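# Close look at the chain arrangement
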Amino acid sequence: MPKPVRVRFAPSPTGDPHVGNIRTAIFNWLMVQHERQQGNEASFIVRIEDTDQGRKTEGALEAILESLRWLGLSWDEGPGVEGPYSPYFQSERLPTYNEAADALVASGWAYPCYCSSERLETMRRGQMDRKESLGYAGHCRELDSASLATWREEQEQEIPVVRFKVPRDGTTTCVDVIRGEVTFENRLLDDFVLLKSDGFPTYHLANVVDDHAMEISHVLRAEEWLSSLPRHKLLYEALGYAPPLFAHLPMILGPDRAKLSKRHGATSVLEYKQRGYLPEAVFNFLTLLGWSLDDHTEIMNREELVTHFGLDRVAKPAAIFNQEKLDWLNGVYIRDLSVDELTNRIMPFLEEGLPADITRPIDREYVRQIAPLVQERLKTLADAPDMVAFFLQESLSYDPALLVDKQLTPEPVLQALKAATARLQSLDVWQAEDLETLLRPMAEELNLKTRQFFGAIRSAVTGRTATPPLFETMEVLGRERCLLRLEESQRLLGAVSSL
Ligand code: GLU
């Protein structure tokens with residue numbers, strides 16, 4: 001029986017989660033859901049790699065967990081979900097790493113190093129000057145205990161770091177599910193630190209110890225960690241652990257093929273949330289960064305992605321982050337929402353983004369009527385406040401010039417607005433169709449082009465020149481609001497003789 005699939009997302013809480021980190025989380029999550037769909041046991045673990053105390057950032061953990069929750073990536077074990085391998089915070093697992101480091105020292109695979117940070121810095125500068133590869137040159141590696149004690153005093157180091165004894169020669173060959181065999185020269189891997197003098201492990205030690213302890217079957221992580229793989233492989237061997245399978249996911253680059261960064265736009269997933277992107281669009285988009293079903297399918301919902309996901313279709317070359325594609329996908333998913341769902345999604349953006357003079361709480365029922373009118377045109381949910389404000393405002397403020405087509409003077413427009421208002425006052429049923437039947441023939445009677453006449457009415461009732469379809473908009477605005485606004489437009493226009 002094959003061992004159950006157990007994969008983990010192992011973020012370090014050092015800042016806002018980057019889209020690349022979350023793409024890694026999505027691939028891990030998809031792999032588990034896919035296995036389950038096949039009837040196999042599988043678990044998604046979130047492990048917080050918080051051993052670098054200096055780089056810990058306030059709020060980073062919350063931001064990571066919020067990103068996962070927003071995208072619906074629930075975890076089976078991890079923060080807030082106790083499991084058989086608790087705790088899932090590395091900072092709470094220090095004894096485990098210390099034991100492993102002790103075992104490695106005992107078996108001769110690791111050694112204490114008392115070199116002071118000043119000495120290491122001088123060594124590093126020397127290597128840079130001589131253009132040598134950087135890394136610990138191995139001073140403490142061969143010292144016997146007496147020489148080590150003398151050295152310790154000389155360097156004034158109470159507590160040593162523990163370093164791994166990387167074989168000086170030869171190569172280390174690793175297997176990556178996506179890349180096949182990758183061979184590294186051992187002489188380029190220095191004797192890296194396993195345990196720091198503050199008692200905290202380095203990433204390498206903690207990562208390997210935990211992946212083993214938590215029975216991780218597959219490590220799916222970003223390509224930037226590929227260079228750590230030979231170190232990890234050596235550590236697995238030295239500790240006598242069977243390694244998991246490794247899959248290093250392709251890099252994500254900007255359209256200019258430079259590593260994705262702030263200058264390419266948002267890089268934090270939560271920024272996309274704030275900017276009004278739908279989680280389902282972001283999920284679909286991020287999955288396509290390095291994975292594809294075929295060479296043309298772009299729109300796949302979560303269920304379809306679960307069904308089709310597999311490591312065999314993860315690409316080797318870097319993926320390009322294409323913001324326009326995300327915008328397009330977001331529009332597709334917005335148009336796909338039911339009216340109720342769209343209303344729910346835009347409500348928080350309206351509460352937050354509508355001008356302060358609009359009374360809160362915003363009337364959900366009214367927004368539900370407006371929602372279908374803007375659905376087509378919304379690129380993001382954050383466009384909603386600007387698009388719907390005129391529906392909710394008590395009074396509009398706009399330049400009366402908007403009422404008057406460029407080829408006209410104010411007078412005929414004023415007359416047209418008067419005539420339209422008078423007819424509308426006697427209209428029985430205030431519905432789009434009836435409004436159109438009433439108003440359309442009037443343009444000709446008034447000697448105006450339809451565009452000029454409708455343009456004036458549109459600006460009068462909305463204060464804008466670009467809006468959802470006019471008659472539907474008027475229907476939703478309602479008789480009272482429309483008539484008041486039409487009258488107000490005449491007052492505005494009457495006050496100006498020329499524009
Ligand atoms: N803590 C590492 C990170 O922040 C985890 C790398 C790995 O998955 O091994 O990405």
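These remarks concern the structure in this document. (Residues numbered from 1 in each chain as written. Predicted model: local features only at pLDDT ≥ 70, side-chain atom pairs only at ≥ 80, totals over all residues. Heavy atoms only, no water.)

## Concerning the overall build of the protein
We apply this condition: Secondary structure follows DSSP: runs of H or I at least 4 residues long count as helices, runs of E at least 2 residues long count as strands, and numbering of each begins at the N terminus. We compute the radius of gyration from the C-alpha atoms alone; for a globule the expected value is 2.2 Å times N to the 0.38, where N is the number of residues. Exposed residues in this analysis have more than 50% of their type's maximum accessible area, buried residues have under 20%, and partly exposed residues fall in between, with area computed by a 1.4 Å probe over protein chains only. Residue contacts are defined here by distance: any two heavy atoms, one from each residue, within 4.5 Å place the two residues in contact. Here the accessible surface of atoms and residues is derived via Shrake-Rupley with a 1.4 Å probe, and residues count as covered only by protein chains that are part of the display. Lys and Arg are tallied as positive, Asp and Glu as negative. Neither His nor the chain termini are counted. Where a charge lies is defined by one atom per residue type: Lys uses NZ, Arg uses CZ, Asp uses CG and Glu uses CD.
When helices and strands are tallied, the protein shows 19 helices and 11 strands. The C-alpha radius of gyration computed for the protein amounts to 32 Å, which surpasses the reference 23 Å derived for 499 residues by more than 25%, pointing to a less compact arrangement than a globule. Along the three orthogonal principal directions, the C-alpha set of the protein runs to about 105 × 55 × 40 Å. Within the protein, the fraction of its 499 residues that count as buried is 51%. A fraction of 75% describes how many contacts in the protein between residues 6 or more apart in sequence connect residues 24 or more apart. Surface accessibility of the protein: about 23,800 Å² in total, with carbon and sulfur atoms responsible for 50%. Across the protein, the 55 positively charged side chains and the 75 negatively charged ones have centroids separated by 4 Å.

## Let's talk about the sheet that holds strand β7 (residues 193–195)
Here is the rule: Should DSSP find at least two bridges between two strands, the strands are taken to pair. The axes are straight lines fitted to the C-alpha atoms, using for helices just the contacting stretch, and the angles between their N-to-C directions are given from 0 to 180°.
Reading across the sheet, the three strands line up as β3-β4-β7 and stay open at both edges, with antiparallel pairing between neighbours. What marks the edges here is a single partner per strand, and that holds for β3 (110–113) and β7. For this sheet the average axis-to-axis angle between neighbouring strands, irrespective of direction, equals 40°. Pairing between β3 and strand β4 (residues 161–164): four bridges, direction antiparallel.

## Thoughts on the side chain of His-204
Along the chain, the position of His-204 falls in helix α6 (residues 203–213). With residues up to four places along the chain from it excluded, the contact list for His-204 reads Phe-192, Ser-228, Arg-231, His-232 and Leu-235.

## Here we look at helix α7 (residues 229–239)
Most of α7 is tucked away: nine of the 11 residues are buried. Listing the buried residues of α7 in full gives Leu-229, Pro-230, Arg-231, His-232, Leu-234, Leu-235, Tyr-236, Ala-238 and Leu-239. Directly after α7, the chain includes Gly-240, whose backbone phi takes a positive value near 75°.

## Structural notes on the site of the ligand
Put simply, the rule reads: Proximity is defined per residue: if any heavy atom of the residue lies within 4 Å of a molecule or strand, that residue is considered near it. Polar contact is defined as a pair of N or O atoms within 3.5 Å, subject to the rule that within protein one atom must be able to donate a hydrogen and the other to accept it, and that residues adjacent in sequence are counted only when both atoms are side-chain atoms. Three categories are distinguished: nonpolar for Ala, Val, Leu, Ile, Met, Phe, Trp, Tyr, Cys and Pro, charged for Asp, Glu, Lys and Arg, and polar for the others, with Gly belonging to the last.
Residues in close proximity to the ligand include Arg-8, Ala-10, Ser-12, Glu-49, Tyr-203, Asn-207, Arg-221 and Trp-225, which together make up its full environment. One of the side-chain nitrogen or oxygen atoms of Arg-221 is found 2.9 Å away from an oxygen atom of the ligand. Surface burial for the ligand is 88%, taken as the share of its 290 Å² of free accessible area covered by protein chains. Grouping the constituent residues of the shell around the ligand by class yields three nonpolar, two polar and three charged.

## Concerning the packing of helix α13 (residues 364–375) against helix α18 (residues 470–477)
To keep it simple, the criterion reads: An angle below 35 degrees is read as roughly parallel, one above 145 as roughly antiparallel, one from 65 to 115 as roughly perpendicular, and any other as oblique.
Between α13 and α18, the least distance of the axes is 10 Å, while the angle of their chain directions is 175°. With respect to α18, the axis of α13 lies roughly antiparallel. In contact with Tyr-366, Gln-369, Ile-370 and Leu-373 of α13, α18 contributes Glu-472, Thr-473, Val-476 and Leu-477. Along the lines of polarity and charge, the residues of the contact of α13 with α18 split into five nonpolar, two polar and one charged.

## What to know about the nonpolar core
The condition that has to hold: In this text, buried Ala, Val, Leu, Ile, Met, Phe, Trp, Tyr and Cys residues form a nonpolar core when linked through side-chain atoms within 4.5 Å.
In this structure, Leu-68, Phe-391, Leu-424, Leu-439, Phe-453 and Met-474 are the most contacted members of the largest nonpolar core, which totals 113 residues. For this core, the element with the most residues is helix α1 (residues 19–37), which contributes nine residues. Sequence-distant contacts of Met-474, that is, excluding residues within four places in its chain, are made with Leu-424, Trp-430, Leu-435, Leu-439, Ile-457, Val-461 and Cys-482. Counting 33 residues, the second-largest nonpolar core is a separate cluster that includes Ala-100, Ala-110, Val-209 and Met-214.

## Things to note about the state of the cysteines
As a reminder, the rule being used: In what follows, a disulfide is any cysteine sulfur pair within 2.5 Å.
In total, this model carries zero disulfides according to the counting rule given. Just so you know, Cys-140 is unpaired, no disulfide at all, and the nearest cysteine sulfur is the one on Cys-115, 3.6 Å from it. On the basis of relative accessible area, Cys-140 is assigned to the buried category, the value being 2%.

## Description of the pairing of strand β8 (residues 218–222)
The criterion, for reference: If you view a crossover with the strands going away from you and the path from the first strand over the helix to the second runs clockwise, you call it right-handed.
Of all five residues that make up β8, five are buried, and the element is covered over most of its length. By the bridge criterion, five bridges tie β8 to strand β9 (residues 245–249) in an arrangement that is parallel. Opposite Val-219, over in β9, you have Phe-246 as the bridge partner. Between the parallel pair β8 and β9, the chain is carried across by α7, and the sense of this crossover is right-handed.

## Thoughts on the packing of aromatic side chains
We apply this condition: In this scheme Phe, Tyr and Trp rings, the latter by its six-membered ring, pair at centre separations within 6.5 Å, and the angle between planes marks the pair as stacked below 30 degrees, edge-to-face above 60, and tilted otherwise. By definition here, charges over rings are those cases where NZ of Lys or CZ of Arg is within 6 Å of the ring centre and within 35 degrees of the ring normal.
Taken as a whole and assessed by the stated rule, the structure comprises 14 aromatic pairs. Ring centres 5.0 Å apart and planes at 90° place the aromatic pair Phe-285 and Phe-321 in the edge-to-face group. Within this pair, whereas Phe-285 is found in helix α9 (residues 279–287), its partner Phe-321 is found in the loop between β11 (319–320) and α11 (323–335), the two being separated by 36 residues in sequence. Per residue, the accessibility class of Phe-285 equals that of Phe-321, and both read buried. By way of ring pairs, the aromatic residues Tyr-272, Tyr-277, Phe-285 and Phe-321 are connected into one cluster. Above the plane of the ring of Tyr-272 lies Arg-275, whose end atom (NZ or CZ) is 5.8 Å from the centre.

## Regarding the packing of α1 against α9
The N-to-C vectors of α1 and α9 enclose an angle of 85°; their axes lie 9 Å apart at closest approach. If you check the angle between α1 and α9, you find them roughly perpendicular. Residue-level contacts link Val-19, Ile-22, Arg-23, Ile-26, Phe-27, Trp-29 and Leu-30 of α1 to Phe-283, Leu-286 and Thr-287 of α9. When its residues are assigned to classes, the contact of α1 with α9 shows eight nonpolar, one polar and one charged.

## Observations concerning the environment of Leu-235
Its place among the elements puts Leu-235 in helix α7. Taking relative accessible area as the criterion, Leu-235 reaches 0% and is therefore assigned buried. Residues Leu-235 and Thr-122, spaced 113 residues apart in sequence, show a C-alpha to C-alpha distance of 28 Å. The contact partners of Leu-235, leaving out residues within four places of it in the chain, are Leu-104, Phe-164, Phe-192, Leu-194, His-204, Leu-205 and Val-208.

## Overview of α18
Among the eight residues of α18, six are classified as buried, and the element is accordingly described as predominantly covered. Two residues or fewer past α18, Gly-478 is found with a positive phi of approximately 90°.

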